[in-house]
Amino acid sequence: QKLRALAKQLGIAERVRWLGFQSNPYPFFRHADAFVLCSNWESFPMVLVEAMICETPVISTACTYGPDELITNNESGLLVPVGSVKALTSAMQKVFSDQALRQKLAMNGKMRVRERFAGSVVFDRYQALFRELGEGRR
């Protein structure tokens, strides 16, 4: 109710849709101009991976762990300081006003996820780790 009241107060209530829980967020990612994550804390923000694989440009706070492991700033997404509304707003304006930047972030983000987090890549890393650990026991 507080968010609905805020949307009304800001004069954007007619532009906000309250869809509730969505079991399949991917169509939303695919049609979004950008995805913004403004967390104070994260570990591994899977939602960024999901947005990036859908070719959605991402903007995230550079909170401890997670986002900076996924995003190379200005290449595969934009990182801003935690708590800086000004930096977050500026990054959003930058992405929304620059189509070439949106395309670059979208393509590079998708490539980054494929290169680092595809199932086969993760499997190979685990396999290498297990071999290394096994050799250490000999």
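Owing to the predicted nature of the structure, the values given are computational and were not obtained by experimental measurement.

Caption draft 1: Highlighting the packing of aromatic side chains. As enumerated under the stated definition, the model contains 4 aromatic pairs in all. With a centroid separation of 5.5 Å and an interplanar angle of 65 degrees, the aromatic rings of F44 and F117 are classed as edge-to-face. Residue F44 is located in the loop between β1 (35-37) and α3 (46-53), and its partner F117 is located in helix α6 (residues 99-117); the two are separated by 73 residues in the primary sequence. On the basis of relative accessibility, which here comes to 36%, the residue F44 falls in the partly exposed class. On the numbers, 5.9 Å between centres and 35 degrees between planes, the contact of Y126 with F130 is tilted. Note that Y126 and F130 are positioned in helix α7 (residues 119-136) at a spacing of 4 residues, about one turn of the helix. Each residue in the set Y26, F29 and F35 is aromatic and connected to the rest through ring pairs, giving one cluster.

Caption draft 2: Structural detail: the sheet that holds strand β3 (residues 78-80). Strand order in the open sheet formed by 3 strands is β1-β2-β3, and the pairing between neighbours is parallel. Of all strands in the sheet, those with a lone pairing partner are β1 and β3, marking the two edges. Shown here is a sheet whose adjacent strand axes are inclined to one another by a mean of 15 degrees, direction ignored. Packed onto the sheet, helix α5 (residues 85-97) meets β1, β2 (58-61) and β3 and runs at close to 160 degrees relative to β3.

Caption draft 3: Focus on the side chain of S60. For S60, the location among the structural elements is in strand β2. A relative accessible area of 0% places S60 in the buried class. Once you skip the residues sitting within four places of it in the chain, S60 turns out to touch L37, L48, P67, I71, L78, L79 and V80.

Caption draft 4: Expanded view of the side chain of R102. For R102, the location among the structural elements is in helix α6. One buried charged side chain, R102, makes no salt bridge at all; its nearest oppositely charged neighbour is D33, positioned 4.8 Å away. What R102 contacts, discounting residues up to four positions off in sequence, is D33, P57, V95, F96 and S97.

Caption draft 5: Representation of the pattern of salt bridges in the model. Throughout the structure, instances matching the rule amount to 2 salt bridges. One salt bridge in this structure joins K110 and E55, with 2.9 Å as the shortest N-O distance. Highlighted residues: K110 in helix α6 and E55 in the loop between α3 and β2, separated in sequence by 55 residues. For K110, a relative accessible area of 18% corresponds to the buried category. A relative accessible area of 34% means that E55 is categorised as partly exposed. With a closest N to O distance of 3.7 Å, E75 and K104 form a salt bridge. Placement of the pair is E75 in the loop between α4 (67-70) and β3 and K104 in helix α6, with a sequence separation of 29 residues.

Caption draft 6: Broad picture of the packing of α3 against α6. Between α3 and α6, the shortest axis-to-axis distance is 8 Å and the interhelical angle comes to 120 degrees. When the axis of α3 is compared with that of α6, the two are oblique. Pair α3 / α6 crosses with left-handed handedness. In contact with V49, M52 and I53 of α3, α6 contributes A106, G109, K110, V113 and R114. Looking at the contact of α3 with α6 residue by residue, the classes come out as 5 nonpolar, 1 polar and 2 charged.

Here is what the cut-offs are and how they apply
Residues numbered from 1 in each chain as written. Predicted model: local features only at pLDDT ≥ 70, side-chain atom pairs only at ≥ 80, totals over all residues. Heavy atoms only, no water. Phe/Tyr/Trp six-rings, centres within 6.5 Å; stacked < 30°, edge-to-face > 60°. Helix = DSSP H or I, 4+ residues; strand = E, 2+ residues; numbered from the N terminus. Buried < 20%, exposed > 50% of the residue type's maximum accessible area, 1.4 Å probe, protein only. Pairing = 2+ DSSP bridges. Axes fitted to C-alpha atoms, helices over the stretch in contact; angles between N-to-C directions. Contact = heavy atoms within 4.5 Å. Lys, Arg positive; Asp, Glu negative; His and termini not counted. Salt bridge = Lys/Arg side-chain N within 4 Å of Asp/Glu carboxyl O. Parallel < 35°, antiparallel > 145°, perpendicular 65-115°, else oblique. Left-handed = near helix turned anticlockwise from the far one by under 90°. Nonpolar A, V, L, I, M, F, W, Y, C, P; charged D, E, K, R; others polar.

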